[in-house]
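One letter stands for each residue in the lines below.
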Amino acid sequence: MNSTTFSENLKKFRLAKNYTQEYVAETLHINSQTVSRWECGTTLPDVLMLPELARLYEVTVDDFYKKNSIAYKNYAQRLASVYEKTEDPEDFLRCVIEYNKLMKNDEFSIEDKWNYAFIHHVMLVYCKKVAMEWYDKAIAGNPESDPHSHARAGSCRAGLFFDIGRGDQFIRDQEYKVNSKNSRAEDWILLIDAYIKAERYYDGYAMFEKATERFTDCWEFYIYGGIICRITKQYEEALALLKKAGDMGTDFYDEKYEMAYCYQDMGEYEKAYNVYIEISDLLRKNGYDVEAEMVEEDAKEVKRLIKA
């Protein structure tokens, strides 16, 4: 170890953060004389202390040993290199904060732009991996323990497949499950949902008709049938199917949301507004204040259309 380079870098990194020796000492639970001795090269920190120092100064441990340790055009680029190595979400957030400061001050170079894109690219790959892992864990559980959450997880997982360009694979997998002798209603629901995502509305409606013959008491099918009819502008049939779902009993006012969308598409804004208000009242009554506020924003948008 080149103790001179190491000590100089310790001081450089501390000053770059505008930290005093006293602040560093307090954070690391040591005394300020120890920090001073490190920076003078009289003593060196224990190896186990290096990761803590690196986190404090937001660098890599390797940076302490580089002669040209501050080779970045700005602090954000240094943090980008840290994140590239660690792929730690916390490092990503630190990096974004620094880049946002540059953007705010109109100091965003071409290098900063592609670096900013790159860290989001790395985070995208990480998020896709984590999302798929936890969707898989969610659907691996017993569907009967929490049917609504299990179904929701399956639908969101399908959405992820489409978002990452693997929608066709998802459809093939679901078709295989539906055609097996042990297929469940949820398998059929996910396939219809996937057909809708793929804009294969004819296939989706045909599957809806087959599903309702086999599973006679499943309201979810009528929601998806209504969605297909709304998208294909068969509004009266859509409303009839959604009403049937509501009569059977839905989990979270699903049919009311779709009815509001249907009225809105039909240009019947007054009816859409009334349904949104009804949903909002139900949500507030059951303690879902945040969701109620979101629906009220939809109601305000429709009300503007009424006035126009």
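Preceding block: the structure.
Calculation rules
- Residues numbered from 1 in each chain as written.
- Predicted model: local features only at pLDDT ≥ 70, side-chain atom pairs only at ≥ 80, totals over all residues.
- Heavy atoms only, no water.
- Helix = DSSP H or I, 4+ residues; strand = E, 2+ residues; numbered from the N terminus.
- Rg over C-alpha atoms; globule rule 2.2 N^0.38 Å.
- Buried < 20%, exposed > 50% of the residue type's maximum accessible area, 1.4 Å probe, protein only.
- Contact = heavy atoms within 4.5 Å.
- Areas by Shrake-Rupley, 256 points an atom, 1.4 Å probe, with all protein chains shown as cover.
- Lys, Arg positive; Asp, Glu negative; His and termini not counted.
- Charge placed at Lys NZ, Arg CZ, Asp CG, Glu CD.
- Core = buried A, V, L, I, M, F, W, Y, C linked by side-chain atoms within 4.5 Å.
- Axes fitted to C-alpha atoms, helices over the stretch in contact; angles between N-to-C directions.
- Left-handed = near helix turned anticlockwise from the far one by under 90°.
- Nonpolar A, V, L, I, M, F, W, Y, C, P; charged D, E, K, R; others polar.
- Parallel < 35°, antiparallel > 145°, perpendicular 65-115°, else oblique.
- Salt bridge = Lys/Arg side-chain N within 4 Å of Asp/Glu carboxyl O.

Turning next to the overall build of the protein. Helix and strand counts for the protein come out as 16 helices and zero strands. Against the globule reference of 19 Å for 308 residues, the protein gives a C-alpha radius of gyration of 28 Å, more extended than a compact globule. Dimensions of the protein along its principal axes, counting C-alpha atoms only, are 80 × 55 × 40 Å. Residues classed as buried in the protein amount to 41% of the 308 residues present. In the protein, of all internal contacts separated by at least 6 residues, the share reaching a separation of at least 24 is 52%. Total accessible area on the protein stands at roughly 18,000 Å², and carbon and sulfur atoms take up 51% of it. Charge centroids of the protein, computed over 41 positive and 55 negative side chains, lie 4 Å from each other.

In this section: the nonpolar core. Of all hydrophobic cores here, the largest spans 52 residues; its most connected members are Trp-188, Ile-192, Met-207, Phe-208, Phe-221, Ile-279 and Leu-283. Of the residues forming this core, the biggest block, nine residues, is contributed by helix 10 (residues 185-197). Not counting residues within four places of it along the chain, the set of residues in contact with Met-207 comprises Val-178, Trp-188, Leu-191, Ile-192 and Tyr-195. Of all hydrophobic cores here, the second largest spans 17 residues; its members include Val-24, Leu-50, Leu-56 and Val-59.

Moving on to the packing of helix 1 (residues 3-16) against helix 4 (residues 50-57). Any two packed helices are characterised by how steeply their axes cross, that is the angle between the axes, and by the distance between the axes. For the pair helix 1 and helix 4, interaxial distance at closest approach is 10 Å and the crossing angle is 35°. As for how helix 1 packs across helix 4, the hand of that crossing is left-handed. Residue-level inspection shows Phe-6, Leu-10, Phe-13 and Arg-14 of helix 1 in contact with helix 4, the latter providing Leu-50, Leu-53 and Tyr-57. Of the residues in the contact of helix 1 with helix 4, the class split is six nonpolar, no polar and one charged.

This paragraph deals with the packing of helix 5 (residues 75-86) against helix 7 (residues 110-140). Helix 7 packs onto helix 5 with a crossing angle of 25° between their chain directions and a minimal axis gap of 10 Å. By the angle between their axes, helix 5 is roughly parallel relative to helix 7. In terms of crossing hand, the pair formed by helix 5 and helix 7 is left-handed. Facing Gln-77, Ala-80, Tyr-83 and Glu-84 of helix 5, the residues of helix 7 in contact are Glu-111, Asp-112, Asn-115, Phe-118, Ile-119, Val-122 and Met-123. Classifying every residue of the contact of helix 5 with helix 7 gives six nonpolar, two polar and three charged.

So, about the pattern of salt bridges. The final tally for this structure, using the stated rule, is 22 salt bridges. Across the pair Lys-256 and Glu-278 runs a salt bridge, and its minimum N-O distance is 2.9 Å. Of the two residues, Lys-256 sits in helix 14 (residues 254-266) while Glu-278 sits in helix 15 (residues 269-285), which places them 22 residues apart along the sequence. Since its relative accessible area comes to 36%, Glu-278 is described here as partly exposed. Overlapping salt bridges bring together Glu-90, Asp-91 and Arg-94 as one network.

Another aspect to go through is the environment of Thr-34. Take Thr-34: it is sitting in helix 3 (residues 32-40). Taking the C-alpha atoms as reference, Thr-34 lies 67 Å from Ala-185; in sequence the two are 151 residues apart.

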